[in-house]
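Fold and contact review
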Amino acid sequence: MNPIKTNPGNSSEKKEIKKTKDGSNTIFVPGLKEHYHSMHGALQESRHVFIKEGFHKCTKDVIYLLEAGFGTGLNAILTYIEAEKNKKKIFYLGIDQYPLDWKLVSKLNYPDLLPEDIRETFKELHQSKWGVTNMLSPWFTFQKIKANLGTYNPTPGLDLVYFDAFGPDKQPEMWSHDIFFRIFEALNRGGILTTYSAKGSVKRMLKDIGYKVNLIKGPPGKRQMIRAVKK
Ligand SMILES: C[S@@+](CC[C@H](N)C(=O)[O-])C[C@H]1O[C@@H](n2cnc3c(N)ncnc32)[C@H](O)[C@@H]1O
């Protein structure tokens, strides 16, 4: 039985903006008692888990990237910035079953905290239609897909996966063998999956599927995290 009493991230559910320890905002879902990011620092966490340990570990110049949980678009906008800086061509696909309203997202302070002038780009990222391919720049092509990850079949050819679901204790069905297997099947050899979780059961499941699992240093406030590679 699903232990969750609320619909995770349900768009009609009340959400609150909170400030995390590094000054960046996150969103709190009261019904789920869960934040979108680490309270030790949303920006720090995204930069560490997804940019440093994901984006920068991928050696390709053209990267097909899937994000499980588009959410606030923080990982997506940081990826856009890195793509521009490093002249890497990114094809980004963000999956989310419960897209956030721009009314709420526009109150997040990410554009104030980033050195780059990304206010308009951040807005475009959010206001662009779901299910349609858009180009933010020659380096960043993206699509947001409103879908349930539980049944979504990723198209093969992925180089990098940001796995950013709500925690395994809050939304266990997102951390299933089936989902990680479908991602594995869609990853290229050498493809990377990075996530903030270091949970033993997740690690074991990934190993069973065939990923090479590395437990590496986590972001501030978290000892370890997982980076898994399809060998
Ligand atoms: C931890 S938050 C994502 C944080 C996001 N990466 C960010 O930077 O803001 C988890 C996300 O998963 C989404 N979600 C919840 N259940 C889902 C499902 N079954 N399929 C797809 N997305 C889901 C939520 O709407 C939420 O945006």
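Here is a short report on the structure shown in this document. Quick caveat, the model's predicted, so the values are computed rather than measured.

**Observations regarding the overall build of the protein**
Counting secondary structure elements, the protein contains 7 helices and 11 strands. Principal-axis analysis of the C-alpha atoms gives the protein an extent of 45 × 40 × 35 Å. Relative to its full complement of 231 residues, the protein shows a buried share of 39%. Taking as baseline every contact in the protein between residues at least 6 positions apart, the subset at least 24 positions apart corresponds to 67%.

**What about the nonpolar core?**
In this structure, Leu 65, Ile 77 and Val 161 are the most contacted members of the largest nonpolar core, which totals 54 residues. Looking at which element gives the most residues to this core, the answer is helix 2 (residues 74-86), with 6 residues. Ile 77 has contacts with Tyr 110, Ile 118, Thr 121, Phe 122 and Leu 125, leaving out every residue within four places of it along the chain.

**Re the sheet that holds strand 1 (residues 16-19)**
Ordered by their spatial adjacency, 3 strands build an open sheet running 1-2-3, and the pairing between neighbours is antiparallel. Each of the sheet's edge strands pairs with one partner strand only, and the pair in question is strand 1 and strand 3 (34-35). Of the pairings in the sheet, the one linking strand 1 to strand 2 (residues 25-29) comprises 4 bridges and is antiparallel in character. Paired with Lys 18 across the strands is Thr 26, a residue of strand 2.

**Digging into the packing of helix 1 (residues 42-52) against helix 2**
As a packed pair, helix 1 and helix 2 sit with axes 10 Å apart at the nearest point and diverge in direction by 60 degrees. Judged by the angle between their axes, helix 1 and helix 2 are oblique. At the point where helix 1 passes helix 2, the crossing takes the right-handed sense. Taken together, the residues of helix 2 that come into contact with helix 1 (itself represented by Ala 42, Ser 46, Arg 47, Phe 50 and Ile 51) are Leu 74, Asn 75, Leu 78 and Glu 82. Class assignment of the residues belonging to the contact of helix 1 with helix 2 gives a composition of 5 nonpolar, 2 polar and 2 charged.

Cut-offs applied
Residues numbered from 1 in each chain as written. Predicted model: local features only at pLDDT ≥ 70, side-chain atom pairs only at ≥ 80, totals over all residues. Helix = DSSP H or I, 4+ residues; strand = E, 2+ residues; numbered from the N terminus. Buried ≥ 20, exposed ≤ 12 C-beta atoms within 10 Å, placed from the backbone. Contact = placed C-beta atoms within 7 Å. Core = buried A, V, L, I, M, F, W, Y, C linked by C-beta atoms within 7 Å. Pairing = 2+ DSSP bridges. Axes fitted to C-alpha atoms, helices over the stretch in contact; angles between N-to-C directions. Parallel < 35°, antiparallel > 145°, perpendicular 65-115°, else oblique. Left-handed = near helix turned anticlockwise from the far one by under 90°. Nonpolar A, V, L, I, M, F, W, Y, C, P; charged D, E, K, R; others polar.

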